Amino acid sequence: MSGRVGSPPGRVLCVAAAALASAAGGGAAQERPPPRVAVATVAALTAQATDASGVRSEVIGSIDVFADVALGSVVLHAYVEAGTTPFSGGVFGAVPEANAVGGTALDADGTGRVQVSELRLAVPLSPRATAHVGLMDVTGFLDVSRIANDENVYFLGAPFVNNPTIAFPDYVLGGALETAIPGREDTRMALVLTSSAGLADNPGASYSDLIDVTAPGKGVFLGGRIRWASPRGHVSAGAWLDASDNPRLGGASGAEAGHGAFLVGGIDRGSHSVSARLGVADEAVAPVHRFVGMTYLWASGDDAVGLALGRSSPSSRLADAPATAHGEVFLRRHFLGETFATLSVQRIHDAGLFGGSATSPARLWVAGLRLTVPL
């Protein structure tokens, strides 16, 4: 897989994809059966600095462990991650949209920890359909781009990892169904039904809060998408509903459900890949009302150059909030066996729509260096 444009390089792979495809019966016949237990571990160290006054340079470390265990035709998928504590006044806290690596494994006090982020079963229902049940990451079932979904090897900017208009819950309890359309093996459908509040969405960031899916204010998250894919490109379209009590924006009283729609498309031509994302969400409760983004990747073996541009437009209920323009360019080089070094530069105009504290200056640069090492 490492030779395909848009695939994570080298061993920096989540082993789930191959194992789940095998469990679903969707892959070609293999010369030998896959291993009963497959494990992949990736460590990353990310350093960032900005020209914004009062924002500290920062180094964030993380370790991801993926495991798939074959239980007959069923596959148990586990994902354990560990993250360091973000610096007080650092880049992640001030400009969270600049660092999709930080803050994924924190306790209620904002301290880094080791956590089980996914623990789910993949159950084949037929040669073309698989059900997933348990603790899961919903983004991997809905908002998928070949060149912009993995912050360990591609873009660091959060809007280039996942569409910011979609109110994804964090790692959450629920289920998903993936199936090929009858007569169209190149077209697949996915449906997800989960709680609206994931692990980090609860005030205590605890598993007891995660399990309490009937707590006041909670609801369900429902999403679906249809995806057509070929070796030369892909297109997917979908919609989502967050049926929890979302506070209305602009000082309006009460709460209501949120909803939106999204589109992802990509083209692959030799060493070049281009991907686009579009999204729109309900202005009444969604701070980011519209998003449009474009990413480009040139790959030569495991080395790559990436370029991304995006614009996030706020809800009209936020009268004083400007749109945020975001750009990123990175250079990734492979060295010392399976180690990857990525230099990145981001330019953000009117930071603040995604929270944080870096509003002066509103336009800032963010430079970064990321080292990624499979273990």
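Figured I'd write up the structure that's included with this text. Remember, predicted model here, so these are calculated numbers, not experimental data.

**What to know about the side chain of Ser315**
Moving on, step 1. Turning to its location among the elements, Ser315 is positioned in the loop between β13 (303-314) and β14 (324-335).
Moving on, step 2. On the basis of relative accessible area, Ser315 is assigned to the buried category, the value being 1%.
Moving on, step 3. Within the structure, the side chain of Ser315 is placed 2.6 Å from the backbone oxygen of Glu283, a separation counted as a polar contact.
Moving on, step 4. Once you skip the residues sitting within four places of it in the chain, Ser315 turns out to touch Leu249, Glu283, Ala286, Pro287 and His289.

**Comments concerning unusual backbone geometry**
Moving on, step 1. Of note, the phi angle at Ala205 is positive, near 45°, even though the residue is not glycine.
Moving on, step 2. Examined against the element boundaries, Ala205 turns out to sit in the loop between β7 (184-195) and α4 (207-211).
Moving on, step 3. One non-glycine residue, Leu336, lies in positive phi territory at about 50°.
Moving on, step 4. You can see Leu336 is positioned in the loop between β14 and β15 (339-349).

**What to know about the nonpolar core**
Moving on, step 1. Of all hydrophobic cores here, the largest spans 15 residues; its most connected members are Val138, Leu142, Val192 and Phe221.
Moving on, step 2. The contacts of Val138, once residues within four sequence positions are left out, are Phe168, Pro169, Val172, Val192, Thr194 and Phe221.
Moving on, step 3. Counting residues in each nonpolar core, the second largest holds 11 residues, with Val153, Tyr154, Phe160 and Ala299 among its members.

Cut-offs and rules
- Residues numbered from 1 in each chain as written.
- Predicted model: local features only at pLDDT ≥ 70, side-chain atom pairs only at ≥ 80, totals over all residues.
- Heavy atoms only, no water.
- Helix = DSSP H or I, 4+ residues; strand = E, 2+ residues; numbered from the N terminus.
- Buried < 20%, exposed > 50% of the residue type's maximum accessible area, 1.4 Å probe, protein only.
- Polar contact = N/O pair within 3.5 Å; in protein donor to acceptor, adjacent residues only side chain to side chain.
- Contact = heavy atoms within 4.5 Å.
- Core = buried A, V, L, I, M, F, W, Y, C linked by side-chain atoms within 4.5 Å.

Geometric values such as these leave the question of function open.
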